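In case you want the letters, here they are:
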Amino acid sequence: MNADDELVSLWSDGGCAYSEKAVKGRPLKGVFGGWCTIMRWRTHEIIRVGAAPSTTNNRMELTAVLEGLLLLERPSNVQITTDSLYVMEGCTVHQTWWRTFKLTRGGKQVQNLDLWERLWGLLPGHVIHWRHVRGHSGERDNERCDKLAGNAARSLRDGKAFSTFYYNGKPQ
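Criteria and thresholds
Residues numbered from 1 in each chain as written. Predicted model: local features only at pLDDT ≥ 70, side-chain atom pairs only at ≥ 80, totals over all residues. Heavy atoms only, no water. Helix = DSSP H or I, 4+ residues; strand = E, 2+ residues; numbered from the N terminus. Rg over C-alpha atoms; globule rule 2.2 N^0.38 Å. Buried < 20%, exposed > 50% of the residue type's maximum accessible area, 1.4 Å probe, protein only. Contact = heavy atoms within 4.5 Å. Areas by Shrake-Rupley, 256 points an atom, 1.4 Å probe, with all protein chains shown as cover. Polar contact = N/O pair within 3.5 Å; in protein donor to acceptor, adjacent residues only side chain to side chain. Phe/Tyr/Trp six-rings, centres within 6.5 Å; stacked < 30°, edge-to-face > 60°. Pairing = 2+ DSSP bridges. Axes fitted to C-alpha atoms, helices over the stretch in contact; angles between N-to-C directions. Parallel < 35°, antiparallel > 145°, perpendicular 65-115°, else oblique. Left-handed = near helix turned anticlockwise from the far one by under 90°. Nonpolar A, V, L, I, M, F, W, Y, C, P; charged D, E, K, R; others polar.

Engineer: Can you tell me about the overall build of the protein chain, naming the residues and giving the values?
Structural biologist: Of the regular secondary structure elements, the protein chain holds five helices and seven strands. Going from N to C terminus, the protein chain has its helices and strands arranged as β-β-β-α-β-α-α-α-β-α-β-β. Over its C-alpha atoms the protein chain spans a radius of gyration of 16 Å, differing by no more than 12% from the 16 Å that the globule rule assigns to 172 residues. Residue burial in the protein chain is summarised as follows: out of 172 residues, 44% are buried. When contacts within the protein chain are restricted to residue pairs at least 6 apart in sequence, long-range pairs at least 24 apart make up 70% of them. With the model as given, the accessible surface of the protein chain reaches about 9400 Å², and the carbon-plus-sulfur share is 50%.

Structure representation (structure tokens):
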């Protein structure tokens, strides 16, 4: 693979919906998370959406990028657009330290290490270009991911079904 290969674009977002019994930011009963990833290559668009109970926003952000990379069938030239500095910097700035010591630079245990290790394992072989956007800033596909992730979290919380896979705009 070289830099001339066609670019695959991935957008990702994750978030949580809370019930009345939930404590914001803590993985407790009553916290429902959702994630979304959009992959675009040539004229093809694939959207994956998922949800999980008893989770955190950071786990959903990680899951969104992880699931996006799992859609790739071969080594690719990929631009990942995310509103999560946590995910982007965990794959760029902090990866070597966190993988080696399993601790942050402040001496605390790295959270979500199970997801980090899976995500880090998917990066080799791809040429990754990271792009950070501010959440809720009007970037079209980040807003789409945010909406679908939020809908998934609320649907799980409310016991409703939701579409988990779209190809070129159609639920599959």
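Engineer: I'd love a proper account of the side chain of S84, names of residues and values included.
Structural biologist: If you trace the backbone, S84 turns up in the loop between strand 4 (77-82) and helix 2 (85-91). A polar side-chain atom of S84 sits 3.1 Å from the main-chain amide nitrogen of V87. When near neighbours in sequence (up to four residues on either side) are disregarded, S84 contacts E61 and H132.

Engineer: Go over the side chain of N77 with me, naming the residues and quoting the values.
Structural biologist: One can find N77 in strand 4. Take N77: its relative accessible area is 6%, and that puts it in the buried class. A distance of 2.6 Å separates a polar atom in the side chain of N77 from a polar atom in the side chain of H129.

Engineer: Please provide a residue-by-residue account of the packing of aromatic side chains, values included.
Structural biologist: According to the stated counting rule, one finds five aromatic pairs in the structure shown. Measuring from centroid to centroid gives 6.4 Å for Y86 and W98, while their planes differ by 45 degrees, and the two rings are tilted. One end of the pair, Y86, is in helix 2; the other, W98, is in helix 3 (residues 95-101), and twelve residues separate them in sequence. Judged by centre distance (5.3 Å) and plane angle (70 degrees), the ring pair of W98 and W116 falls under edge-to-face. Here W116 lies in helix 4 (residues 113-122) and W98 lies in helix 3, a separation of 18 residues in the sequence. When sorted by exposure, W98 lands in the same class as W116, which is buried.

Engineer: Could you give me a rundown of the sheet that holds strand 4, with the residues and numbers involved?
Structural biologist: Ordered in space as 5-4-1-2-3-6-7, the seven strands form an open sheet in which the pairing is mixed. What marks the edges here is a single partner per strand, and that holds for strand 5 (127-132) and strand 7 (170-171). For strand 6 (residues 165-167) and strand 7, the ladder comprises two bridges, and the chain directions are antiparallel. Residue pairing for strand 7: Y166 is matched across the bridge by P171. Sitting on the sheet, helix 1 (residues 57-70) touches strand 1 (7-18), strand 2 (31-41), strand 3 (44-53), strand 4 and strand 5, and the angle it makes with strand 1 is about 155 degrees. With respect to the sheet, helix 5 (residues 140-158) is in contact with strand 1, strand 2, strand 3 and strand 6, its orientation differing from that of strand 2 by roughly 145 degrees.

Engineer: Which residues make up the packing of helix 1 against helix 4, and what values do they have?
Structural biologist: For any two helices packed against each other, one specifies the inter-axial angle together with the distance between the axes. As a packed pair, helix 1 and helix 4 sit with axes 10 Å apart at the nearest point and diverge in direction by 25 degrees. Classified by the angle their axes make, helix 1 and helix 4 are roughly parallel. As helix 1 runs across helix 4, the sense of the crossing is left-handed. Across the interface between the two elements, R59, L62, T63, V65, L66, L69 and L70 from helix 1 touch D114, L115, W116, R118, L119 and L122 from helix 4. Taken together, the residues of the contact of helix 1 with helix 4 break down into nine nonpolar, one polar and three charged.

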